[in-house]
Amino acid sequence: MQAVLNFPNISPEIFSISVFGIELALRWYALAYIAGLLLGWRLVVRLVKTDRLWPGGRAPMGPEQVEELLTWVILGVVLGGRLGFVLFYKPGYYLQNPAEIPMLWHGGMAFHGGLLGVMVALILFCRKHGIMLLSAADALALATPPGLFFGRLANFINAELWGRPSTVPWAMVFPGDLAAQCPPGWEGPCARHPSQLYEAGLEGLVLGAVLLFLVYRRGWLKVPGQITGMFFIGYGIARFFVEYFRQADYQFITPDNPIGFALHWHGIGVTMGQLLSLPMVALGIALIMIARRRA
């Protein structure tokens, strides 16, 4: 019999209280966003206080401006992440149910949409304060992996975005009817890759360590745009790789497309996550080449 791991019994809610008949709860998902944003904020504050890391020995902004930037980033993450999920993954459903678009408590955020939202917020913020855009983008790129790490851990606790069926020794049985639907002929419990943990490790820990090494050991912040480019490359490659183990979104799965490719031809294709990651890699390479040419 296949050896499998059972999903740990962790409640998505840390605690809940009732106030005047209204149930208020703090969820791990919300705490992950808070922890990621606060840790990223402190990291950027530390960066701007270390002038020797920046071009010309001068940071692009002061600590007080970083606090204002945090507000802009929060708006970009929430609005962009939600609209990205609506447009990239379930446009038909939300076209028929537009009133559910602002219902964030029902779940549904897309990283690529959140990234676009942050980019727009950053451009507007830099224009307002006359800050060098690429240097500010480098600071945010370095601050993003902690949020990715905590966010993927929250996905795991919520038992969502799990992986494809697998027989590896660490395959896990996730709760829920959808997670229990393995291909016909599957023997034993429907165990799956814990792909959320793969993403936490690659997108959070590994990518974060690479960026920190390049900043503090190789001085990459002194050439504006390099760290942003490496972030795009690193995230794009990590996400593209993990998509081979992550269960595709069910709206893309059909009898003639059981893998759930967004684009496919004769059984060969790419998932939506891979399709959205390829432009990130190309953009990252272009940013590094442009940055070095300018330098």
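Only a predicted model underlies this, so the values are computations on that prediction, with no experimental measurement involved.

Asker: How should I be thinking about the overall build of the protein chain in this particular structure?
Answerer: Counting its regular elements, the protein chain contains eight helices and six strands. Traced from its N-terminal end to its C-terminal end, the protein chain shows the element sequence β-β-β-α-α-α-α-α-β-α-α-β-β-α. Counting only residues that meet the buried cut, the protein chain has 43% of its 295 residues in that class. Taking as baseline every contact in the protein chain between residues at least 6 positions apart, the subset at least 24 positions apart corresponds to 70%. Surface accessibility of the protein chain: about 15,900 Å² in total, with carbon and sulfur atoms responsible for 68%. Side chains of the protein chain give 21 positive and 16 negative charges; the mean places of these two sets differ by 13 Å.

Asker: Whenever I open this one, the state of the cysteines confuses me. Can you help?
Answerer: Within this structure, the stated rule accounts for one disulfide. Covalent S-S linkage joins Cys182 and Cys190, the inter-sulfur distance amounting to 1.9 Å. Residues Cys182 and Cys190 are joined by a disulfide whose S-S torsion is about 80 degrees; by sign, that bridge is right-handed. Just as Cys182 is buried, Cys190 falls in that class too.

Asker: Looking at this structure, I do not really get the packing of helix α5 (residues 133–157) against helix α7 (residues 226–242). What am I missing?
Answerer: For any two helices packed against each other, one specifies the crossing angle of their axes together with the interaxial distance. Interhelical geometry of α5 versus α7 gives an angle of 30 degrees and a closest axis separation of 7 Å. By the criterion of interaxial angle, the relationship of α5 to α7 is roughly parallel. Here α5 contributes Leu134, Ala137, Asp138, Ala141, Leu142, Thr144, Pro145, Leu148 and Arg152 to the contact with α7, which in turn contributes Gln226, Ile227, Thr228, Phe231, Tyr235 and Arg239. Partitioned by chemical class, the residues of the contact of α5 with α7 number nine nonpolar, three polar and three charged.

Asker: Just to check I follow, could you spell out a nonpolar patch on the surface for this structure?
Answerer: Together, Ile10, Ile14, Phe15, Ile17, Val19, Phe20, Ile22, Leu24, Trp28, Leu31, Ile34 and Leu38 give the surface a local cluster of nonpolar side chains, amounting to about 1,100 Å² of exposed area. Secondary-structure elements contributing two or more residues to the nonpolar patch are β2 (13–19), β3 (22–27) and α1 (28–48). Summarising the element assignment, Val19 is placed in strand β2. On the basis of relative accessibility, which here comes to 31%, the residue Val19 falls in the partly exposed class.

Asker: Whenever I open this one, the packing of aromatic side chains confuses me. Can you help?
Answerer: Both the distance between ring centres and the angle between the ring planes are used here to describe each pair of aromatic rings. Scanning the entire structure with this criterion turns up 13 aromatic pairs. Ring geometry for Phe7 versus Phe174: centroids 5.4 Å apart, planes at 40 degrees, classification tilted. You can see Phe7 sitting in the loop between β1 (5–6) and β2 and its partner Phe174 sitting in the loop between β4 (172–173) and α6 (195–216), a full 167 residues away along the chain. Neither Phe7 nor Phe174 differs from the other in exposure class; each is buried. Measuring from centroid to centroid gives 6.0 Å for Phe231 and Phe232, while their planes differ by 55 degrees, and the two rings are tilted. The pair formed by Phe231 and Phe232 is uniform in burial state, with each residue classed as buried. Of the aromatic side chains, those joined through ring pairs into one cluster are Phe7, Phe156 and Phe174. We note Arg42 situated over the ring of Trp41; from NZ or CZ to the ring centre the distance is 5.1 Å.

Asker: Help me understand the environment of Leu24 in this model?
Answerer: Summarising the element assignment, Leu24 is placed in strand β3. If near-sequence neighbours (up to four positions away) are discounted, Leu24 is found in contact with Phe15, Ser16, Ile17 and Val19.

Asker: What am I meant to see in the side chain of Glu199 here?
Answerer: Take Glu199: it is sitting in helix α6. Apart from residues lying up to four places away in sequence, Glu199 is in contact with Arg152, Gly204, Arg239, Val242 and Arg246.

What counts as what
- Residues numbered from 1 in each chain as written.
- Predicted model: local features only at pLDDT ≥ 70, side-chain atom pairs only at ≥ 80, totals over all residues.
- Heavy atoms only, no water.
- Helix = DSSP H or I, 4+ residues; strand = E, 2+ residues; numbered from the N terminus.
- Buried < 20%, exposed > 50% of the residue type's maximum accessible area, 1.4 Å probe, protein only.
- Contact = heavy atoms within 4.5 Å.
- Areas by Shrake-Rupley, 256 points an atom, 1.4 Å probe, with all protein chains shown as cover.
- Lys, Arg positive; Asp, Glu negative; His and termini not counted.
- Charge placed at Lys NZ, Arg CZ, Asp CG, Glu CD.
- Disulfide = S-S within 2.5 Å.
- Axes fitted to C-alpha atoms, helices over the stretch in contact; angles between N-to-C directions.
- Parallel < 35°, antiparallel > 145°, perpendicular 65-115°, else oblique.
- Nonpolar A, V, L, I, M, F, W, Y, C, P; charged D, E, K, R; others polar.
- Patch = residues over 30% accessible without salt bridge, like charges linked within 9 Å, V, L, I, M, F, W, Y side chains within 5 Å.
- Salt bridge = Lys/Arg side-chain N within 4 Å of Asp/Glu carboxyl O.
- Phe/Tyr/Trp six-rings, centres within 6.5 Å; stacked < 30°, edge-to-face > 60°.
- Lys NZ or Arg CZ within 6 Å of the ring centre and 35° of its normal.

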